[in-house]
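Per-entry structural report
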Amino acid sequence: MSRLDPPVLKRRSFLTLASLSAFFTALGTAAAGMLRLPNPAVLPGPVRRFKLGPPEQFSVGTETAFSDQNLVLFRDEEGFYAISSTCTHLGCTVARTQDGFACPCHGSKFDAKGHVVGGPAPRALPWLEVGLAANGDLIVNADNEVQDGTRYRA
Amino acid sequence: MEKATHEFLANLKSLPVNIKNAWFRTGNAPESEREESQATFNNLFLHIHSVRVHVRTLKPTLTFGLGMMAASNFLLTVITGVLLMVYYKPSTDLAYQSIKDIHFTVSTGLFIRNIHRWSAQLMVLTVILHMARVFFTASYKRSREFNWLIGMGLLILTMALSFTGYLLPWDQLAYWAITIGSNIANSPRELTDALGLTHFFDPGGLQKRLLLGANYVGQDALTRFYVLHIFVLPVLLVILLGVHFWRIRKDGGLARPEDEPGGLAEWGGERREVFQPLATKTYGLMALVRGKKPAVNRGPENTVMSWPHLFWAELAVFMLTVAATMVLSFYSNAPLKEMANAAIPENPAKAPWYFLGIQELVSYSAFTGGLLIPVIVIVGLGLIPFLDRQLGGEGVWFGTRGEKPVFWQSLIFATVATVGMLVLTVNFGWLRNWFPTIHQLWIIAINPGSLLVLIFALWSISILRRKNSIRLSAVALFTCYLVGFALLTYFATVHRGPNWHFYWWPSQWPVH
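Residues numbered from 1 in each chain as written. Chains lettered and ligands numbered in written order. Predicted model: local features only at pLDDT ≥ 70, side-chain atom pairs only at ≥ 80, totals over all residues.

Right, let's get into the overall build of chain A. Helices and strands together make up the secondary structure of chain A, namely one helix and ten strands. Going residue by residue from the N terminus, the α and β elements of chain A occur as α-β-β-β-β-β-β-β-β-β-β. The C-alpha radius of gyration of chain A comes to 29 Å, more than 25% above the 15 Å expected for a compact globule of 154 residues. With the C-alpha coordinates of chain A rotated into their principal frame, the extents come out at 95 × 40 × 25 Å. Taking the intrachain contacts of chain A between residues at least 6 apart in sequence as the baseline, contacts between residues at least 24 apart amount to 36%. (Helix = DSSP H or I, 4+ residues; strand = E, 2+ residues; numbered from the N terminus. Rg over C-alpha atoms; globule rule 2.2 N^0.38 Å. Contact = placed C-beta atoms within 7 Å.)

Listed below in structure tokens is the structure:
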């Protein structure tokens, strides 16, 4: 290619393209930066570790529903376990039925251990971590899910 | 007295007249067509109309005034919305009490709130009907494709405005509807969970966090919904509405068939010849709009002055809309349930009627019914003008040959398919009832909603092949979606009760 041939890209077109791409890069970065703002860095919310009272309060073979905490606490021969009563489908609170749980919103059904037996729920009701607080009360951490079948022996 | 004093007194005397002339530049009621033109294009609010309008577009049965009705309803929601903002307090502690104040204490508060709610509902209804009108009159075709897309944007914004407004009263209805709605935003997790990807890639969680600002519906959600409802969405809607109107004008008015030279048009009860070439006619800039042929050398005889004909028509539609909204608001009060309670869900927790079709789909699979199918439908609708590019039939109801039979066949087909699917689902349950251990992916992929979409698509393809026409297959698909939407909405409204069980009538719901 000789020096006299017309350039593939004119200097003016090159500068136009370069400045336009600089402009749109800056615009895109600014937009992305602004869109960062509504994505919360810290999720506000109440503490979801609930003290439910001394273990002796719950006798073997019983269950206790805690509606404000959205969980049901069970005690059987093997120990304590807590099942969340927030439906895994779209977050409604399930109601206790004779043979399990039923969701009022879209008809999901679970057995007494929280496993899905019908309806649209994609997974079982979560079993929550049960432990003992320093003062001897049972404590349930509703943010921590445990393998179903896990019991806590107090 | 000095000259200046005389002049001052004279000015004072003619003050009202001068103010009026300054305001109305064209003087009194225009008498000539020239003055009528000036009245239109000298006025900021009228100049978005062209000066003359085709007689066909004024025929009430072409549009039924549906677009104008939707815009009128939007105006009503803006006015009543501002009034409600005088008392409303967007905080979880005060929101419910302030709505209660508006409901029971504020003078005319209940009536204003009713108007706000009814005009919002009528807006959703008229926007949907307007879309159906534009579709069935083939008015989306070249060069109006872009305005069809703007219309889709307006549809989405209308739905988003309704959805965000639903939370603000902070009652049980609001709280549980938005809990469900935000979990639908979260529902891609259903898919990523089933694939084991959520840990690395969680678009659902991001959407929910952006919407709620938290993991649950609380103060952050209320603040965000309030900002969206009273500012972001209305401003976007006004901008798109401006573009929508502007494009109607620039695309050459409402879609209509080409006039036959020497043909007859009916206007004002008389038939007159529509085309008389007047070579001496000159045209101002305001007559230069996009059309298939330049307007030069074609007489404007098949058009009439926008002032007064079009403006009377628009005013009449506006008055009718206001009257209908008033009557509905007078006889039917907006609901206000108990204050939001995170421990006890409403049973049944039903979304507003226009989302109930989606709620029925969601009761099969949250991801498929709540996100996938709506996105497929919206994208499919948006693509119509780009896939169906053959001109013909614009501005005439069922204007292409063979459209009416296809419409009726599709109506019957979609009714049978939807009712059949609902009967099957109600009587026999679905996959999980037959195979309790089935993997969630199967339920996401195969459920009554996705099957209906598939059946409708197959029907449309069969029309495409049998009738050898893209327009007819689009008519088939659009009719199927419309019927599916209407039937699912009806079914979820009337036949779904507590625990989302089937009931013949709400009166059979168990009392609790």
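There's more to say after this.
Attention now goes to the overall build of chain B. Helix and strand counts for chain B come out as 21 helices and four strands. For the C-alpha atoms alone, the extent of chain B along its principal axes is close to 95 × 70 × 50 Å. Taken across its 512 residues, chain B has 40% of its residues classed as buried. Taking the intrachain contacts of chain B between residues at least 6 apart in sequence as the baseline, contacts between residues at least 24 apart amount to 74%. (Buried ≥ 20, exposed ≤ 12 C-beta atoms within 10 Å, placed from the backbone.)

Okay, the interface of chain B and chain A next. The interface of chain B with chain A comprises 35 residues on the first partner and 25 residues on the second. When residues of the side of chain B that touches chain A are traced back to their parent elements, those giving at least two are helix H10 (172–185), helix H11 (188–195), helix H12 (203–212) and helix H18 (431–434) of chain B. The leading source of residues in the side of chain B that touches chain A is H10(B), at five residues.

Here we come to the confidence of the model for chain B. All names here are of chain B. With 91% of its residues at a pLDDT of 70 or more, chain B has an overall mean of 87. Below a pLDDT of 50 lies the segment residues 290–300, which in the model reaches 19 contacts outside its immediate sequence neighbourhood of four places, other chains included. Two numbers describe this predicted complex: its pTM, 0.89, and its ipTM, 0.85. (pLDDT = per-residue confidence, 0-100.)

A word on the sheet that holds strand S2 (residues 62–66) of chain A. All names here are of chain A. As summarised here, the arrangement of the six strands in space is S1-S10-S9-S4-S3-S2, forming an open sheet in which the pairing is antiparallel. On the outer flanks of this sheet lie strand S1 (49–53) and S2, each paired with one strand and no other. In this sheet, adjacent strand axes meet at a mean angle of 30 degrees when their direction is disregarded. The pairing of S2 with strand S3 (residues 71–76) spans five bridges and is classified as antiparallel. Within S3, the residue paired with Thr64 across the bridge is Leu73. (Pairing = 2+ DSSP bridges. Axes fitted to C-alpha atoms, helices over the stretch in contact; angles between N-to-C directions.)

Here we take up the pairing of strand S4 (residues 79–84) of chain A. Residues and elements named next belong to chain A. Across the six residues of S4, five count as buried, placing the element largely inside the fold. Bridge count between S3 and S4: six bridges; the pairing is antiparallel. In the sheet register, Leu73 faces S4, and the bridge partner there is Ala82. Here two bridges tie S4 to strand S9 (residues 127–132), and the two strands are oriented antiparallel to one another. Paired with Ile83 across the bridge in S9 is Trp127.

The next point concerns the sheet that holds strand S7 (residues 109–111) of chain A. Residue and element names in this part refer to chain A. Pairing is antiparallel across the open sheet formed by four strands, whose spatial order is S5-S6-S7-S8. Two strands bound the open sheet, and with one partner strand each, they are strand S5 (95–97) and strand S8 (116–118). Neighbour to neighbour, the strand axes of the sheet diverge by 35 degrees on average, direction disregarded. Here three bridges tie S5 to strand S6 (residues 100–102), and the two strands are oriented antiparallel to one another. Residue pairing in the sheet places Ala95 in a bridge with Ala102 of S6.

Bringing the nonpolar core into the picture now. With 121 residues, the main nonpolar core has Ala82(A), Cys92(A), Val140(A), Ala174(B), Ala177(B) and Ile180(B) as its most contacted residues. No other element matches the twelve residues that helix H21 (residues 470–494) of chain B contributes to this core. In this structure, this core is formed jointly by two domains, domain 1 (70–255 + 309–346) and domain 2 (357–512) of chain B, each of which donates at least three residues. (Core = buried A, V, L, I, M, F, W, Y, C linked by C-beta atoms within 7 Å. Domains from an automatic or database assignment.)

So, on to helix H16 (residues 366–387) of chain B. All names here are of chain B. The end-to-end C-alpha distance of H16 is 30 Å, a good match for the 32 Å that 22 residues give at a rise of 1.5 Å each. At Leu372, H16 shows its strongest bend, of approximately 30 degrees, with the proline Pro374 following within four residues. Looking at H16, one finds that the buried residues are Ala366, Phe367, Thr368, Gly369, Gly370, Leu371, Leu372, Ile373, Leu381, Ile384 and Pro385. (Expected span 1.5 Å × (residues − 1). Bend = angle between axes of the 7 residues up to and from the residue.)

Attention shifts here to the pairing of strand S10 (residues 138–146) of chain A. Residue and element names in this part refer to chain A. Pairing of S1 with S10, which is carried by four bridges, proceeds in the antiparallel orientation. Within S10, the residue paired with Arg49 across the bridge is Asn141. In this structure, S9 lies alongside S10, joined through six bridges in antiparallel fashion. Bridging across to S10, Val130 finds its partner in Val140. Between S9 and S10, which pair antiparallel and follow one another directly, the connecting turn spans five residues, one of which, Gly136, has a positive phi of 95 degrees.

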